[in-house]
Amino acid sequence: MMKPRLFLAPIVALGIGLSACGGSSTGEGGYVQPTGASVASIEIEAGNLYYSPDKVEAPVGISKIWLKNIESGAHNLVISGVPGFILEVSGEGDQNAKKVELEAGSYDIYCTLPGHRAGGMAGKLIVK
Ligand SMILES: [Cu+2]
């Protein structure tokens, strides 16, 4: 008879490691910010089902993206093609910022809360 315990141990350890990642306010989705200095600071306001501006430009390289909540309600901002990146804000006046390194291109930004993107909480981030 074989000894399955030897093979089970690493699987259990992996499971614990994955579950420990969830729910942290500092490491949502395991996103790792670039360590270099940011060349631009981009500010986007979140209202109820809109961003202002809804079309923003950023230079190629590392930008620090700010999301500032100007109305009630919780919102967030993700960038298409940037896995794990999310800025979350809760009530009015709340703000959040993270650095992101971007190549030239047109990126969709949107709020992932149910109905928000379809309701108009979407925009474009143009990097050039
Ligand atoms: Cu939203």
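Residues numbered from 1 in each chain as written. Predicted model: local features only at pLDDT ≥ 70, side-chain atom pairs only at ≥ 80, totals over all residues. Heavy atoms only, no water.

## Describing the overall build of the chain
Right, on to step 1. Along the chain, the regular secondary structure elements total one helix and nine strands.
Right, on to step 2. Ordering the α and β elements of the chain from the N terminus gives α-β-β-β-β-β-β-β-β-β.
Right, on to step 3. In the chain, which comprises 128 residues, the share counted as buried stands at 33%.
Right, on to step 4. Considering only contacts within the chain whose residues lie at least 6 apart along the sequence, 55% involve residues at least 24 apart.
Right, on to step 5. Total accessible area on the chain stands at roughly 7600 Å², and carbon and sulfur atoms take up 59% of it. (Helix = DSSP H or I, 4+ residues; strand = E, 2+ residues; numbered from the N terminus. Buried < 20%, exposed > 50% of the residue type's maximum accessible area, 1.4 Å probe, protein only. Contact = heavy atoms within 4.5 Å. Areas by Shrake-Rupley, 256 points an atom, 1.4 Å probe, with all protein chains shown as cover.)

## Focus on the coordination of the copper ion
Right, on to step 1. Listed as protein donors to the copper ion are H75 (ND1), C111 (SG), H116 (ND1) and M121 (SD); their distances from the metal cover 2.0 to 2.6 Å.
Right, on to step 2. Each of the four donor atoms around the copper ion contributes to a set of angles spanning 81 to 143 degrees, which defines the coordination as irregular.
Right, on to step 3. Donor residues binding the copper ion come from one chain and are separated in sequence as H-x35-C-x4-H-x4-M. Here H116 lies in the loop between β8 (105–110) and β9 (122–127) and H75 lies in strand β5 (residues 75–79), a separation of 41 residues in the sequence. (Donors = N, O, S within 2.8 Å, 3.2 Å for Na, K, Ca; no water. Tetrahedral: all angles 85-135°; square planar, octahedral: opposite > 155°, others 65-115°.)

## Comments concerning the sheet that holds strand β4 (residues 61–69)
Right, on to step 1. Across the sheet, which stays open at both edges, the four strands sit in the order β2-β1-β4-β7 with mixed pairing between neighbours. Edge positions in the open sheet fall to β2 (50–52) and β7 (95–102), since each of these has one partner strand only. Within the sheet, the average angular offset between the axes of one strand and its neighbour, ignoring direction, is 30 degrees.
Right, on to step 2. Two elements, strand β1 (residues 40–47) and β2, share three bridges in a ladder whose sense is antiparallel. Looking across to β2, one finds that E45 is bridged to S52. (Pairing = 2+ DSSP bridges. Axes fitted to C-alpha atoms, helices over the stretch in contact; angles between N-to-C directions.)

## Focus: the pattern of salt bridges
Right, on to step 1. Counting across every chain of the model gives three salt bridges.
Right, on to step 2. Between K128 and E57 there is a salt bridge; the shortest N-O distance is 3.5 Å. Of the two residues, K128 is situated in the segment after β9 and E57 in strand β3 (residues 55–58); the sequence distance between them amounts to 71 residues.
Right, on to step 3. Here D108 and K124 are joined by a salt bridge, their closest N and O atoms 2.7 Å apart. With D108 in strand β8 and K124 in strand β9, this residue pair connects regions lying 16 residues apart in the sequence.
Right, on to step 4. Residue class for D108 comes out partly exposed when judged on its relative accessible area of 26%. (Salt bridge = Lys/Arg side-chain N within 4 Å of Asp/Glu carboxyl O.)

## Section: the sheet that holds β5
Hydrogen bonds between backbone groups are what pair the strands of a sheet, and the pairing can be parallel or antiparallel.
Right, on to step 1. The mixed open sheet is built from five strands, whose spatial order is β3-β9-β8-β5-β6. What marks the edges here is a single partner per strand, and that holds for β3 and β6 (87–89). Averaged over all adjacent pairs, the angle separating strand axes in this sheet is 20 degrees, with direction ignored.

## Here we look at the packing of aromatic side chains
Right, on to step 1. Under the counting rule described, the total for this entry stands at one aromatic pair.
Right, on to step 2. Aromatic pair Y31 and F85: ring centres 5.3 Å apart, planes at 90 degrees, arrangement edge-to-face. Of the two residues, Y31 is situated in the loop between α1 (5–19) and β1 and F85 in the loop between β5 and β6; the sequence distance between them amounts to 54 residues.
Right, on to step 3. For Y31, a relative accessible area of 14% gives the class buried. (Phe/Tyr/Trp six-rings, centres within 6.5 Å; stacked < 30°, edge-to-face > 60°.)

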